[in-house]
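Chain by chain, the residues:
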Amino acid sequence: MPYLGNIITHLEDTFDVKIQGQFHTRAEIEGIRFLTSDPDKMPEHEDKLLYIGYSREVSLMNHPQNLLLIGHNEPLSDPHILYVRESPDVSEVFNAVQDVIFRHYTLKLKREELFQSLHSDNGIAGMAHVAHTFLNNPVTICDTSFSVIAASPVVKDPKSLEEKHGRLYLKDSLFQDMEDRNIIKHISSSSTRYIAAFDG
């Protein structure tokens, strides 16, 4: 599920605002709703929803767990109520949150398709092909010796690769450049993605 922290960051970047209040960055959000004046209409799973509304139009009695007030100027007695002093259009805020949620579920579907490809005995080559399709970018997978074990599309790059013993390897000069820039060390020690630009 999308995290509240990602949603807040996206809203701040999109509308050039600072959202005030305390929140758990990894709180999971499944959807977004407009806050109504009738607390009895809140669904049972309201803790997984982000509610939004203009400050002047909503009551804070029995407010939901995740609430963002738009156009609120002063700190609130409950520090867990989020607010923004500016007044962007509430429908645009709604759409921006929906963008984050939609992007999360789209990526989740793509990730599941990658795993399906692996479990369907398509192997690493199948995963490379699926990744290439999703990213619309060439994908090359190497082992720890920087020998190419799969690529989509088939790689033919004499500037970066050389053939040894019937296999393609990253050229020594490019490997040395990665060593010098600590790229290999970072790849070995990090569990997150790493993006690097190489000089051609």
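This structure is a prediction, so every number in the text was calculated from the model and none was measured.

How each quantity is defined
- Residues numbered from 1 in each chain as written.
- Predicted model: local features only at pLDDT ≥ 70, side-chain atom pairs only at ≥ 80, totals over all residues.
- Heavy atoms only, no water.
- Pairing = 2+ DSSP bridges.
- Helix = DSSP H or I, 4+ residues; strand = E, 2+ residues; numbered from the N terminus.
- Axes fitted to C-alpha atoms, helices over the stretch in contact; angles between N-to-C directions.
- Contact = heavy atoms within 4.5 Å.
- Core = buried A, V, L, I, M, F, W, Y, C linked by side-chain atoms within 4.5 Å.
- Buried < 20%, exposed > 50% of the residue type's maximum accessible area, 1.4 Å probe, protein only.
- Phe/Tyr/Trp six-rings, centres within 6.5 Å; stacked < 30°, edge-to-face > 60°.

Visitor: Quick one: what's the story with the sheet that holds strand β4 (residues 82-84), residue by residue and with numbers?
Guide: Pairing within the open sheet is parallel, and its four strands lie in the order β1-β2-β3-β4. Each edge of the sheet is formed by a strand with only one pairing partner; in this case those strands are β1 (31-34) and β4. Pairwise comparison of adjacent strand axes, ignoring direction, gives a mean angle of 25 degrees for this sheet. Against the sheet, helix α2 (residues 90-135) makes contact with β1, β2 (49-54) and β3 (67-70), and its axis sits at roughly 165 degrees relative to β1, the strand it touches most.

Visitor: Explain the nonpolar core to me, using residue names and the numbers behind them.
Guide: With 24 residues, the main nonpolar core has L11, I19, L50, I52 and L68 as its most contacted residues. When neighbours within four sequence positions are excluded, I52 is seen to be in contact with I32, R33, F34, L35, L68, V90, V93 and F94.

Visitor: Describe the packing of aromatic side chains, with residues and values.
Guide: According to the stated counting rule, one finds two aromatic pairs in the structure shown. When the ring of F34 is compared with that of F94, the centres are 4.9 Å apart and the planes differ by 15 degrees; the resulting orientation is stacked. Taken together, the residues span a long stretch of sequence, with F34 in strand β1 and F94 in helix α2 at a distance of 60 residues. On the basis of an interplanar angle of 70 degrees and a centroid distance of 5.4 Å, the ring pair of F146 and F175 is categorised as edge-to-face. In this pair, F146 sits in the loop between β5 (139-142) and β6 (148-152) while F175 sits in helix α3 (residues 172-180), placing the two residues 29 residues apart along the sequence. According to the relative accessible area criterion, F146 is buried, its value standing at 17%. For F175, a relative accessible area of 28% corresponds to the partly exposed category.

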